[in-house]
Amino acid sequence: MKDIRITVMRKACYRDLMAQYENPLEHPCDMQEGQVFIAHGWEKPEGLCESAWQSMSPFVMALAHGGSNFYDGWMKNERSAMISCNDGFRPVSFLIEVID
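Residues numbered from 1 in each chain as written. Predicted model: local features only at pLDDT ≥ 70, side-chain atom pairs only at ≥ 80, totals over all residues. Heavy atoms only, no water.

Moving on to the overall build of the chain. The helix and strand tally for the chain stands at 2 helices and 4 strands. The order of α-helices and β-strands along the chain, N terminus first, is β-α-β-α-β-β. Counting every position in the chain, which comprises 100 residues, the buried fraction comes to 35%. Restricting the contact set of the chain to residue pairs at least 6 apart, pairs at least 24 apart contribute 59%. When the accessible surface of the chain is totalled, it reaches about 6,400 Å², and 49% of it is carbon and sulfur. Charge separation in the chain, taken as the distance between the mean sites of 9 positive and 14 negative side-chain charges, equals 6 Å. (Helix = DSSP H or I, 4+ residues; strand = E, 2+ residues; numbered from the N terminus. Buried < 20%, exposed > 50% of the residue type's maximum accessible area, 1.4 Å probe, protein only. Contact = heavy atoms within 4.5 Å. Areas by Shrake-Rupley, 256 points an atom, 1.4 Å probe, with all protein chains shown as cover. Lys, Arg positive; Asp, Glu negative; His and termini not counted. Charge placed at Lys NZ, Arg CZ, Asp CG, Glu CD.)

Let us look at the environment of Q32. Among the secondary structure elements, Q32 is positioned in the loop between α1 (15–21) and β2 (36–40). Among residues more than four places away in sequence, those in contact with Q32 are V8 and K11.

We now examine helix α2 (residues 50–64). Remark: the principal bend of α2, roughly 55°, maps to M56, with a proline, P58, within the next four residues. Turning to α2, its buried residues number three or more, namely A52, W53, S55, M56, S57, F59, V60, L63 and A64. Contacts from the buried residues of α2 go to β1 (3–11), β2, β3 (80–84) and β4 (92–98). Looking one or two residues beyond α2, the residue adopting positive phi is G66, at roughly 95°. (Bend = angle between axes of the 7 residues up to and from the residue.)

Turning to the environment of C13, a few remarks are in order. Note that C13 resides in the loop between β1 and α1. On the basis of relative accessibility, which here comes to 37%, the residue C13 falls in the partly exposed class. As for C13 and L63, which are separated by 50 residues in sequence, their C-alpha atoms are 29 Å apart. Residue contacts for C13: discarding those within four places in its chain leaves M18, F89 and R90.

Written out as structure tokens, the structure reads:
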């Protein structure tokens, strides 16, 4: 099984939607652009958001087991995927890729 690097590529923040729909949160997303995590198979890396992990774990598992070329050529590097967490107010985009 291969290790997978997970890199925080971009964070967005939709303050207008937050103001209109979200209850105030004391501790929102802690992810920082450039932050890197290493996944060993199905094991969630320490410090990675649980919601983000739920969004990306099927892709991490597939890559760890040799899967590639998701959606018939979606990514330039077929041993990678760009996945976002499911937070509609402050989505975070993660690059997940096989470590050679």
